[in-house]
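Residue-level structure breakdown
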Amino acid sequence: MTTEDAVTTEAVESLRGTDDPRLRELLSGLIRHLHAFASETRLTRDEWEAAIAFLTATGQTCTDTRQEFILLSDVLGLSMLVEKINGHSAPGRTESTVLGPFHMTESPVRELGADIDLVGTGEPCVVSGVVRAADGTPLPGAVLDVWQADPHGFYDVQQPGVQPAGNGRGLFTADAEGRFWFRTCVPSAYPIPTDGPVGDLLKATGRHPYRPAHIHFIVSADGHEPVTTHIFVAGGAYLDSDAVFAVKRSLVKDFAPTDDPALAAEFEVANPFRHARFDLVLDPS
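A few points on the structure. On a predicted model such as this, the values are computed, not experimentally measured, just so you know.

Attention now moves to the overall build of the protein. Of regular secondary structure, the protein possesses 7 helices and 12 strands. Taking the principal axes of its C-alpha atoms as reference, the protein extends roughly 75 × 40 × 30 Å. Here the protein holds 285 residues, and the buried ones make up 42% of them. Long-range pairs, those at least 24 residues apart, make up 69% of the contacts in the protein with a sequence separation of at least 6. Looking at the protein as shown, the accessible area adds up to about 15100 Å², and 56% of this sits on carbon and sulfur atoms. Positive and negative charge centroids in the protein, built from 22 and 40 side chains respectively, lie 4 Å apart.

Attention shifts here to the layout of surface pockets. Where empty space is left can be seen by rolling a probe of water-molecule size over the atoms. Quantified by volume, the largest pocket comes out at close to 590 Å³. Along its surface, the largest pocket is lined by 14 residues, and Leu34, Phe37, Ala51, Phe54 and Leu55 are the ones closest to its centre. Put simply, the parts of the chain that give the lining of the largest pocket at least two residues each are helix H2 (21–41), helix H3 (45–61) and helix H4 (68–75). Here the lining of the largest pocket takes 6 residues from H3, the largest share from any one element.

Here we come to empty space enclosed by the protein. Taken as a whole and judged by the stated rule, the model has 2 cavities of 30 Å³ or more. Size it by volume and the second largest cavity reaches roughly 50 Å³. In terms of lining, the second largest cavity is formed by Ile116, Asp117, Gln148, Ala149, Asp150, Gln163, Asn167, Gly168, Thr184 and Cys185. Looking at the lining of the second largest cavity residue by residue, the class counts come to 3 nonpolar, 5 polar and 2 charged.

The next thing to look at is the environment of Ser128. The residue Ser128 is located in strand E1 (residues 124–132) in this model. Exposure remark for Ser128: the relative accessible area of 5% places this residue in the buried category. Dropping the residues within four chain positions of it, Ser128 is found in contact with Phe180, Trp181, Phe267, His275, Ala276, Arg277 and Phe278. Side chain to side chain, Ser128 and His275 meet in a polar contact 2.7 Å long.

Turning to the packing of H3 against helix H6 (residues 197–204), a few remarks are in order. Here H3 crosses H6 at 135°, and the two axes come no closer than 9 Å. Taken together, H3 and H6 sit at an angle that is classed as oblique. Residues Phe54, Ala57, Thr58 and Thr61 of H3 pack against Pro197, Val198 and Leu201 of H6. Classifying every residue of the contact of H3 with H6 gives 5 nonpolar, 2 polar and no charged.

A cluster of nonpolar side chains, Leu76, Leu78, Leu81, Val82 and Ile85, forms an exposed patch at the surface whose accessible area comes to about 460 Å². Looking at the element boundaries, Ile85 is found in helix H5 (residues 78–86).

Our focus in this paragraph is the pattern of salt bridges. Any two side chains of opposite charge can pair, given that their charged atoms come close. Counting across every chain of the model gives 13 salt bridges. Residue Arg42 is joined to Glu4 by a salt bridge in which the shortest nitrogen-to-oxygen separation is 2.8 Å. Taken together, the residues span a long stretch of sequence, with Arg42 in the loop between H2 and H3 and Glu4 in helix H1 (residues 3–13) at a distance of 38 residues. For Glu4, a relative accessible area of 38% translates into the label partly exposed. With a shortest N-O distance of 3.9 Å, Glu13 and Arg16 are connected by a salt bridge. Three or more residues are tied together by salt bridges with common partners; here these are Arg66, Glu68 and Asp195.

A few words on the nonpolar core. Of all hydrophobic cores here, the largest spans 33 residues; its most connected members are Val127, Val131, Phe217 and Phe255. Elements represented by at least two residues in this core include exactly E1, strand E2 (143–147), strand E4 (179–185), strand E7 (214–220) and strand E8 (227–233). Considering every element that reaches this core, the biggest residue donor is E8, with 4 residues. Phe217 has contacts with Val127, Leu144, Asp145, Val146, Trp147, Phe180, Phe182, Val227, Thr228, Thr229, Ile231 and Phe278, leaving out every residue within four places of it along the chain. Counting 10 residues, the second largest nonpolar core, distinct from the first, contains Leu72, Ile192, Val198 and Val244.

Right, let's get into the state of the cysteines. Scanning all chains against the criterion turns up 0 disulfides. With no disulfide partner, Cys125 has as its closest neighbouring cysteine sulfur the one in Cys185, 6.8 Å distant. The class for Cys125 is buried, based on a relative accessible area of 1%.

Each value, and the rule that gives it
Residues numbered from 1 in each chain as written. Predicted model: local features only at pLDDT ≥ 70, side-chain atom pairs only at ≥ 80, totals over all residues. Heavy atoms only, no water. Helix = DSSP H or I, 4+ residues; strand = E, 2+ residues; numbered from the N terminus. Buried < 20%, exposed > 50% of the residue type's maximum accessible area, 1.4 Å probe, protein only. Contact = heavy atoms within 4.5 Å. Areas by Shrake-Rupley, 256 points an atom, 1.4 Å probe, with all protein chains shown as cover. Lys, Arg positive; Asp, Glu negative; His and termini not counted. Charge placed at Lys NZ, Arg CZ, Asp CG, Glu CD. 1 Å grid on protein atoms, 1.4 Å probe; cavity = no way out; pocket = protein on both sides within 12 Å on 5 of 7 lines; lining within 4 Å. Points joined across faces, edges and corners; volume = space filled by probe spheres on them. Nonpolar A, V, L, I, M, F, W, Y, C, P; charged D, E, K, R; others polar. Polar contact = N/O pair within 3.5 Å; in protein donor to acceptor, adjacent residues only side chain to side chain. Axes fitted to C-alpha atoms, helices over the stretch in contact; angles between N-to-C directions. Parallel < 35°, antiparallel > 145°, perpendicular 65-115°, else oblique. Patch = residues over 30% accessible without salt bridge, like charges linked within 9 Å, V, L, I, M, F, W, Y side chains within 5 Å. Salt bridge = Lys/Arg side-chain N within 4 Å of Asp/Glu carboxyl O. Core = buried A, V, L, I, M, F, W, Y, C linked by side-chain atoms within 4.5 Å. Disulfide = S-S within 2.5 Å.

This is the structure we're talking about:
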């Protein structure tokens, strides 16, 4: 056994008194893979110190309204990998994707049909759909937590004093037939924050910071597994190069131009408007 291997073995053996077997498994795997990385890349002291400084800066950048470690996980593809490992939904179920770093505040409770675009600067649209069980049965009372950036690519928590708190956010309850609908503005592509360590990493690796236009959803219903997902705007930029690798084709939907005075009146929106249909199917618990 080499001296390097002996260090790894000793570190793993130090965990033998860990009572929680899953914790022991996770930490043992982490030690082995970290040590293997250091050995494979012949990590220098300066590089190790730079990595520690980077992680320290990442932690120091986190606030009550910004989670730089989630952003780091996202741009490294780890968030999406964890989703794929845990996303064992059968065909026909709504696919999950990343949570993102801006689900940092409670969405205000809103009535069905309410407008979450409180500043009114974007192109008006309506998002509607039905939440169903795997057998097609509607799920009355399903809860939908939605949030999105404004037309300039900023979330409310990024611009306190500029955007009103709760802009682009809403907590909706589906009706007795599992239906939901709300008004908003058509989302736009935007860059993830680049003024911190994650932005420095993207610059150093020549990567762009952009995400395709999307709206976030967390959908839950009694007796069913909640799903964290997005709806992406069909035809938009960056669908093939999302900075956080989160696009799934089943989640790309048309925000169709709609000229229907009767439907506009039903949704209480000016005609013509854009309309996106997004039905969701949940797995049983």
